[in-house]
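# Observations on chain architecture
The primary structure of each chain is shown beneath.
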Amino acid sequence: MRLKLTLVGLVAGFLLLAGMRPDAVPFLRSAARYSDSVTAHWPNALFLQESVLERGEFPVWRETTMGGQPFAANPLNKTSYPLQWLALLFPPSLHLNILIVLHLFLAGSGMWVWARSLGLRTEAIALSTVTYVMAPRLIGHVGAGHLDVLYALAWWPWLMWAIRQSVIQQEHWLKISLQLGLIGASLLLADVRVSLFAFVSGVVYGIVVFILPGNRRQLRYFALLLPIMFVLTSALLVPLVMWQSYITRGNITSNDAGLFSLETVHLLGLILPSQPPGIETLTYLGLPVLTLGMAAIFISDRFKVLLLMVVVGVFLYALGTNSLLWNTLMKAIPGLLWFRVPARAWLILVLLLPLLAGYGLQWLLNWVEDQSLVIVPRVKLGVVAWMAITVIMGIFALLVLRLPVVMGLATLVIGLVLGAILLLAFDRRINSRQVFVFMLALVFADLAWTGYQWITWRGPEIWLDGQRTLAERLVEAQADRIYSPTYSLEQQVVEVYHLRLFGGVDPFQLTGIVKAVEQGSGVPSTKYDPVLPSLMGVRSDGDVVRANQNAIIDTVVLAQWHVSHVVAAYPIEHSRLELLDHINDVYIYTNRDYQSRTENINIPDWPVGWPSLPDRETVQNFNQITMLTYLISGVAWVISIGAFIFLKFKPHA
C-alpha cells in the first residue's frame, strides 16, 4: 500500500507542478492560444450541461457551430461515453480535470492489475505503472487537449487484462462476456480512432493466450461479446451509420488520412526527447524505459520474434504515406481511411514498452538477488556501448542538430546515470532494493521532466475573458449567425454567449456545410480539414490573424445561411459589408444582404434544398432515432453492469 501511495503522490505532484487547478484546462506549454480542451471538450461539456439542466432537453442538435449540426451523433462530443455525463454535476473545467485524474487512475490501476496477473513482482509492477501513466505521448496528448485519447488509453490495459482473465479464470461464461463487453465498449466510446489499435492488439494478444496454448475451449466466452458490445455502443454506431453518407469522412483521400505520418528521422526521438508542438510524431518512450524494454525483448525465449514483429509492424504502419505497408492496407481496406493519423499506431508501443520495462527490471532484480548467476562480459560491454551511444547522441543534438541545450544535457545525464546503475547492479555493489529505488527515481525524473515540457494548465483569463467584450457586442447587435475568416470568435466563447458560427473547428463535418462555407467564404476546400474555413497560409498560431486575407467573401451566400455579421482580425474591403465596430483588434461588419428574421428559427435552418444536406424531415427522423438508441444503450448499460455485479458477488454453488 505504501508503494501505491508513493506512486499516486508522484503523479499528483507532477500534475500540480504542471499547473493543474480546478478552473483551468490543459494546454501544450508551447501553444500560444489553442487547445482541443477549450476548442472542443470544454464547450461540449457546457452544452451538454445547459441542454439537460437549463433547457430540459436531450442534446441531440447544436446550432452554435458549423452552421448547425448533430451533437449526440458526433462521436467526438462524447455524449455516448457514460463518464461524460459527469458534466451534469460539475462546472466544465472541473469536470474535465476530474475526468483527467480519474482516467490517469484507471490507466495506472489497469496496468497494475494486468502486470500482476502476468506474475511480475511488485517492484516491476510499480515501474510499469508509473511508466505508463507518465508516458510522454500520453501526457503530451492531454496537453494538446486530446482528452479522448487519454480516456481510451485508460481502458486499454484493462482490455488486455480481461482477455487474459478469460483464460485463467474458470468463471461463469456470461460474467466473462459482460466483463469484456463493458471494457471493450468503454474503450470504443472513449475514442473510436484509438480503439482500432487497441482491438487489433487485443486480437493478437488473444491469439497468443487462447489459441497458441491450446485454450480454444474458452473461446465460447466470446459468444455474446459482439452482441453485448453492439448494444452498449449502439448510441454511437447507429447515428454514425445514419449520417455517414452526409459527412466528409467518407471522402478522405489517402494523403488526407496520412496526416502526421512518421518519418525515419523520428526514430532519433527514441533517444532524444522532441519538443512541442509535434505530439502526433513524438516517439520518446523514456530512455530507461526503452533500455529495460529492449532487454526484456532480447531475454525472452518464447516471444522474442513475436515482439520484434509487433515493433516493426507498428513502425511500418506509423510511417503512413512513407510506408508501402500503410498504402497497401488503405487500398485493401478503404474503411481504414476513416482512422486518420497513422502515427497513432505508436500508442501500441506506449502500452507495450512499460510492461516490457517491468519485465526488464524484474530480470535485473532477480539477477542481483541470485548470487549463483554470473554476468557475461559482453553484457557489461553492451551497457558501456549504450552509454557511449547516449553521449554521442547528446553531443550530436547540441552541436549538429542545434537542439535546446537542456535536451542534449538531459540525454547525456540520463544515459550516464542509467549506465552507472546497471553497472553497479551487475557488480552487485548495490542490492535489489537500491536498484529499484534508483531506477524508479531515474524513470520518474526522466518522464516528469519530459512531460513538463509538453503540458501546462491555463485558466479562463487566457482563453475566455479576452473575448467577452467582442461577444457582448455581438449579442447587443442581435447577431444571427457569424462568420470569421480568422477564427476571431472562438467556440468556447460562442457557447457561453449562445452565439452561432458559420464554420468552426470539428472533424465531424457535413459535406453540404463544407461546400456552403467554401462558397460563402471564398476559401477553397482542397482537402479534408477539421477547420472551416481552412486557415490558408497559417503555419503557427500567430499567423491566424492574417489567414484568408485574399479570399473574396460572397455575402449573398452568407445571407442565405443567415450570416448577419462578419468578424475578422483585419479590415475587409467589401461593398456589402459595413463596419459596425472595432474591438480589441477585431473588426465587426454587418452583412447588408442579410434580412432580419422575426419568425421562430426552425432547426435546422439551412437553406431549403441545399445540395448534399438532408431535408428537415430527415434530420428530425435521425434525431428521433438517435434519442431512441441512447435510451436503448442506456438501459443496456444499467442491465449489463447490474448483471455483472450480481455474477461477481454471487455465492459459488
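Look a little higher up for the structure.
So, here's what we can say about the structure. These figures come from a predicted structure and were not determined experimentally. (Residues numbered from 1 in each chain as written. Predicted model: local features only at pLDDT ≥ 70, side-chain atom pairs only at ≥ 80, totals over all residues. Heavy atoms only, no water.)

## A closer look at the overall build of the protein
Helix and strand counts for the protein stand at 24 helices and 10 strands. For 653 residues, the compact-globule estimate of 2.2 N^0.38 gives 26 Å, and the C-alpha radius of gyration of the protein, at 26 Å, lies within 12% of that figure. Taken along its principal axes, the extent of the C-alpha atoms in the protein is 90 × 70 × 45 Å. Buried positions account for 57% of the 653 residues belonging to the protein. Put simply, of all contacts in the protein between residues at least 6 apart along the chain, 75% involve residues at least 24 apart. Accessible area of the protein: about 27,300 Å², with a carbon and sulfur share of 64%. Averaged over its 44 positive side-chain charges, the protein has a centre that lies 14 Å from the centre of its 40 negative ones. (Helix = DSSP H or I, 4+ residues; strand = E, 2+ residues; numbered from the N terminus. Rg over C-alpha atoms; globule rule 2.2 N^0.38 Å. Buried < 20%, exposed > 50% of the residue type's maximum accessible area, 1.4 Å probe, protein only. Contact = heavy atoms within 4.5 Å. Areas by Shrake-Rupley, 256 points an atom, 1.4 Å probe, with all protein chains shown as cover. Lys, Arg positive; Asp, Glu negative; His and termini not counted. Charge placed at Lys NZ, Arg CZ, Asp CG, Glu CD.)

## Points about the nonpolar core
Trp156, Trp243, Trp346, Met439, Leu474, Leu489 and Trp561 are the most contacted members of the largest nonpolar core, which totals 203 residues. In terms of residue count, helix H6 (residues 147-168) provides more of this core than any other element does, 16 residues in total. Discounting chain neighbours no more than four positions away, the residues touching Leu474 are Ala479, Ile482, Leu489, Leu499, His565, Val567 and Ile588. (Core = buried A, V, L, I, M, F, W, Y, C linked by side-chain atoms within 4.5 Å.)

## A look at the pairing of strand S4 (residues 455-458)
Along any regular strand the residues' side chains alternate between the sheet's two faces. Covered by surrounding structure in S4 are Ile455 and Trp457 together with Thr456 and Arg458, the residues of both alternating faces. For strand S1 (residues 25-28) and S4, the ladder comprises four bridges, and the chain directions are antiparallel. For Val25, the partnering residue across the bridge sits in S4 and is Arg458. (Pairing = 2+ DSSP bridges.)

## Focus on the environment of Leu102
Among the structural elements, Leu102 can be located in helix H3 (residues 92-117). When the C-alpha positions of Leu102 and Lys304 are compared, they lie 35 Å apart, and in sequence the two are 202 residues distant.

## Examining the packing of helix H5 (residues 136-143) against helix H18 (residues 432-454)
In a pair of packed helices, the angle between the axes and the distance between the axes together describe the arrangement. Their axes nearest at 9 Å, the elements H5 and H18 cross at an angle of 25 degrees. Judged by the inter-axis angle, H5 sits roughly parallel to H18. The two elements H5 and H18 cross, and the hand of that crossing is right-handed. Counting all contacts with H5, which are made through Pro136, Ile139, Gly140 and Gly143, the residues of H18 involved are Leu447, Thr450, Gly451 and Trp454. In the contact of H5 with H18, the residues fall into four nonpolar, four polar and no charged. (Axes fitted to C-alpha atoms, helices over the stretch in contact; angles between N-to-C directions. Parallel < 35°, antiparallel > 145°, perpendicular 65-115°, else oblique. Left-handed = near helix turned anticlockwise from the far one by under 90°. Nonpolar A, V, L, I, M, F, W, Y, C, P; charged D, E, K, R; others polar.)

## Looking at the pairing of strand S8 (residues 563-568)
Within S8, six of the six residues are buried, which leaves it mostly tucked inside the rest of the structure. Two strands pair when backbone bridges link them, and strand S5 (residues 481-483) and S8 are joined in this way by three bridges, in the parallel orientation. Within S8, the residue paired with Tyr483 across the bridge is Val566.

## What to know about the packing of aromatic side chains
Inspection of the entire model under this criterion finds 18 aromatic pairs. Three or more aromatic residues link up through ring pairs in this structure, and these residues are Trp61, Trp243, Tyr246, Trp606 and Phe622. The ring of Tyr452 is capped by Arg29, whose NZ or CZ atom sits 3.8 Å from the centre of that ring. It is Arg428 that lies over the ring of Trp367; its NZ or CZ is 3.8 Å from the centre. (Phe/Tyr/Trp six-rings, centres within 6.5 Å; stacked < 30°, edge-to-face > 60°. Lys NZ or Arg CZ within 6 Å of the ring centre and 35° of its normal.)

## Remarks on the pattern of salt bridges
Opposite charge on two side chains permits them to pair, given that their charged atoms come into close proximity. Considering all chains together, one arrives at 21 salt bridges under this definition. When the shortest N-O distance is used, the salt bridge between Arg21 and Glu461 registers 3.0 Å. Placement of the pair is Arg21 in the loop between helix H1 (2-18) and S1 and Glu461 in helix H19 (residues 460-463), with a sequence separation of 440 residues. For Arg21, a relative accessible area of 29% corresponds to the partly exposed category. In this structure, Asp148 engages Lys78 in a salt bridge whose closest nitrogen and oxygen atoms are separated by 3.6 Å. Residue Asp148 is located in helix H6, and its partner Lys78 is located in the loop between strand S3 (69-70) and H3; the two are separated by 70 residues in the primary sequence. With a relative accessible area of 6%, Asp148 lands in the buried category. Owing to a relative accessible area of 2%, Lys78 belongs among the buried residues under this scheme. (Salt bridge = Lys/Arg side-chain N within 4 Å of Asp/Glu carboxyl O.)

## A closer look at the side chain of Asp529
Counting through the fold element by element, Asp529 comes out in the loop between helix H22 (511-521) and strand S7 (531-532). Of the side chains bearing the opposite charge, Lys527 lies closest to the buried Asp529, which forms no salt bridge; the N-O distance is 6.3 Å. For Asp529, the side chain forms a polar contact with the main-chain nitrogen of Val531, separated by 3.0 Å. In this structure Asp529 touches Gln509, Ser534 and Leu535, once residues within four positions along its chain are discounted. (Polar contact = N/O pair within 3.5 Å; in protein donor to acceptor, adjacent residues only side chain to side chain.)

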